[in-house]
Amino acid sequence: MRILNLLKIAYKAIILNKMRTLLTMLGIIIGVASVIAMLAIGEGSKKSIRSTISSMGSNMITISPGADMRGGVIQDASAMETLTLNDYKTIKEQANLLTYSTPMVNGGGQVINGSNNWPSSIYGVNPEYLYIKLVGLQSGSMFTEAEVKSAAKVALLGQTVVDNIFAEGEEPVGKTIRFNNIPFKIIGILEKKGENTFGQDQDDVVIAPYTTVQKRILAINHINQIVASAVSEEQAPNAVTQVTEILRSQHKLSDNEDDDFNVRSMEELISTFSSTSEMLTVLLVAIAGISLLIGGIGIMNIMYVSVKERTKEIGLRMAIGGKGSDILMQFLIEAILISVTGGLLGVILGLSVTLFIEKFLNWPTDVALYSIVISFAVCAITGIFFGWYPARKASALNPITALRYE
C-alpha cells in the first residue's frame, strides 16, 4: 500500500511539470531509440552478409595457387602456376569431406554475336560447378563430362551477357557466339543471381568446359583454381585442413616449408565480414549510449531542481511523521518513472526508425529482443543511479530547516 501511495504521489508530481519532464526524458528517448536502431542495423547487416555469401555456396572451398597473400608480398608469375590437374584428381580421390569439386580456369575477352559485342569473363569448369555455386538453369542444359573430355566448344551464358548481345525476346539456346574469335554453341542460360557481396555482377559470365578454355582460349597447362563443396557447413574447417594436408603431400613440401597454395572456406569470409560489422555496431551503440548518459545526467539535474522546489513539502511531510526512507523512495520512484517512461517511448521510436530504415532506405535490419530488454534494464539502472543521490539528499533534510526554506 505504501509503494502504491508513493507511486501516485510521484505520478502527480511528474504530471504537474509535463513539459519539463518530457524534455528531461528526451536524452533517454533518443539514447534508447539509437541503441535499438543501431543494433537492428548491425544484426541485419550480419544476417545479410551471411545470406549473401551463403548464396554463393555456403559450403564452398576455394583452393588457389601461390602462398597466402594476406601479408602483401608480391609473388612472381611462376608462384601462381602451382596448381595442376593432377592436384585436382588427387583431391577428388582422397578428400572424403568434399562432395563436389571442379578445376577452374578463367579469362576475359569480348563476347560477340553478329554486330553486338560485350566485354565479359569466361570460366572453364566441369558439370559439378553448378552444384557448388548453387546456380540453376533458366533454360537449356549443362555440358556433359564427355564434352569436357573432348574440349567441346559449348557454353552457358549469364543473363547480363544475354541482355547485351541478343535482341529482346530472342532465344539464345542453339545459337553460336564467339569469345575472342573462338566459336561457342550456346546450350544453356543460367538463372539470374544479381550482385555478390563485393558488388560483382554474377550474371556477367560465360561458362564453358575447362578443357576448352584451357586449350583454346588461354593456352595454359596449369589451372587457376580448384573450387569444391564441403559435405556440410560445419565440416568446412575440417575439409580445409584435409585438403591442405593432401596438397602438401602432393607438392612434397617438408614441415619447415610454407604452403605454395592457399585454401579458404566461405565460413572464413563470413566470419571476417561479420566481425567487421560487429565492430562497427559496437562503435555505433557506444556513441548512441552517450545519449543515455546525457539523459541520466538530465534526470539527476531535474531531480535536484525538484528537491529544491519542494523543500517545504518535504519538511511538511517529515513534520507530520514521514520517514526519511519514504522521502527517499518518493524521489527515487519519480526518477525511475521518468527513466522507464522515456525508455518505453524510446523503444517505440527505435522500432519506428528501424521500420523506416528498412522500408524507405532498403537497409537490412533485424530487431533483436535482447536489445529491447537491455534498453529497459539500462533505463531502470539509469533512473536508480542518477536519481538516488538527489533522493538521498532530500531524505536527509532537516524538517525545521526545510519548513523555513524560502
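These figures come from a predicted structure and were not determined experimentally.

Criteria and cut-off values
- Residues numbered from 1 in each chain as written.
- Predicted model: local features only at pLDDT ≥ 70, side-chain atom pairs only at ≥ 80, totals over all residues.
- Heavy atoms only, no water.
- Buried < 20%, exposed > 50% of the residue type's maximum accessible area, 1.4 Å probe, protein only.
- Helix = DSSP H or I, 4+ residues; strand = E, 2+ residues; numbered from the N terminus.
- Pairing = 2+ DSSP bridges.
- Contact = heavy atoms within 4.5 Å.
- Axes fitted to C-alpha atoms, helices over the stretch in contact; angles between N-to-C directions.
- Parallel < 35°, antiparallel > 145°, perpendicular 65-115°, else oblique.
- Left-handed = near helix turned anticlockwise from the far one by under 90°.
- Nonpolar A, V, L, I, M, F, W, Y, C, P; charged D, E, K, R; others polar.
- Patch = residues over 30% accessible without salt bridge, like charges linked within 9 Å, V, L, I, M, F, W, Y side chains within 5 Å.
- Areas by Shrake-Rupley, 256 points an atom, 1.4 Å probe, with all protein chains shown as cover.
- Salt bridge = Lys/Arg side-chain N within 4 Å of Asp/Glu carboxyl O.
- Polar contact = N/O pair within 3.5 Å; in protein donor to acceptor, adjacent residues only side chain to side chain.
- Phe/Tyr/Trp six-rings, centres within 6.5 Å; stacked < 30°, edge-to-face > 60°.
- Expected span 1.5 Å × (residues − 1).

A word on the pairing of strand 6 (residues 176-179)
Each regular strand carries side chains that alternate between the two faces of the sheet. On strand 6, burial follows the alternation: Ile-177 and Phe-179 on one face are buried, whereas Thr-176 and Arg-178 on the facing-out side are not. In terms of strand pairing, strand 2 (residues 98-113) meets strand 6 through two bridges, oriented antiparallel. The residue bridging Val-111 from the neighbouring strand is Phe-179, located in strand 6. Looking at chain direction, strand 6 and strand 7 (residues 182-190) are connected through four bridges and run antiparallel. Paired with Arg-178 across the strands is Pro-183, a residue of strand 7.

Description of the environment of Ser-306
Residue position: Ser-306 is located in helix 9 (residues 266-309). Classification of Ser-306 by relative accessible area gives buried; the value is 5%. C-alpha of Ser-306 to C-alpha of Ala-394: the two residues are 88 residues apart in sequence and 9.6 Å apart in space. Discounting chain neighbours no more than four positions away, the residues touching Ser-306 are Phe-331 and Glu-334.

Looking at helix 7 (residues 210-218)
Within helix 7 the residues assigned to the buried category are Tyr-210, Thr-211, Thr-212, Val-213, Gln-214 and Ile-217. One or two positions beyond helix 7, positive phi appears at Ala-219, with a value near 55°.

What to know about the packing of helix 11 (residues 324-360) against helix 12 (residues 369-395)
Put simply, helix 11 and helix 12 touch, their axes get as near as 7 Å, and they point 150° apart. By the angle class used here, helix 11 and helix 12 are roughly antiparallel. Handedness of the helix 11/helix 12 crossing: right-handed. Broken down by class, the residue content of the contact of helix 11 with helix 12 amounts to 18 nonpolar, seven polar and one charged.

Observations regarding the environment of Ala-167
Position of Ala-167 relative to the elements: it lies in the loop between helix 6 (159-165) and strand 6. For Ala-167, a relative accessible area of 48% puts it in the partly exposed group. Here the alpha-carbon distance between Ala-167 and Asn-116, two residues 51 residues apart in the chain, equals 9.4 Å.

Quick word on a nonpolar patch on the surface
Together, Met-19, Leu-22, Leu-23, Leu-26, Ile-30, Leu-344, Leu-345 and Ile-348 give the surface a local cluster of nonpolar side chains, amounting to about 740 Å² of exposed area. At the level of elements, helix 2 (18-55) and helix 11 are the ones that each hand at least two residues to the nonpolar patch. Per element, the largest residue contribution to the nonpolar patch is five residues, and it comes from helix 2. Along the chain, Ile-348 falls in helix 11. On the basis of relative accessible area, Ile-348 is assigned to the partly exposed category, the value being 48%.

Some details on the side chain of Ser-120
Mapped onto the fold, Ser-120 is located in strand 3 (residues 116-125). Within the structure, Ser-120 has its side chain in polar contact with the side chain of Asp-204 (distance 2.8 Å). Ignoring sequence-local partners within four residues, the contact set of Ser-120 consists of Gly-107, Gly-108, Gly-109, Val-111, Val-161, Phe-179, Asp-204, Val-205 and Val-206.

Focus on the packing of aromatic side chains
Overall, the coordinates contain two aromatic pairs when judged by the stated rule. Centre to centre, the rings of Tyr-100 and Tyr-131 are 5.0 Å apart; their planes meet at 15°, and the pair counts as stacked. Taken together, the residues Tyr-100 in strand 2 and Tyr-131 in helix 4 (residues 129-133) connect sequence positions 31 residues apart. On the accessibility criterion, Tyr-100 (33% relative accessible area) is partly exposed.

Points about helix 8 (residues 236-250)
For helix 8, with 15 residues, the first-to-last C-alpha span of 21 Å sits near the 21 Å given by 1.5 Å per residue. Taken together, the buried positions of helix 8 are Ala-236, Ala-239, Val-240, Gln-242, Val-243, Thr-244, Ile-246, Leu-247 and Arg-248. Looking at the buried positions of helix 8, the neighbouring elements they touch are strand 1 (60-65), helix 3 (85-94), strand 2, strand 9 (225-230) and strand 10 (261-265). Looking one or two places after helix 8, you find Lys-252, whose phi comes out positive at around 55°.

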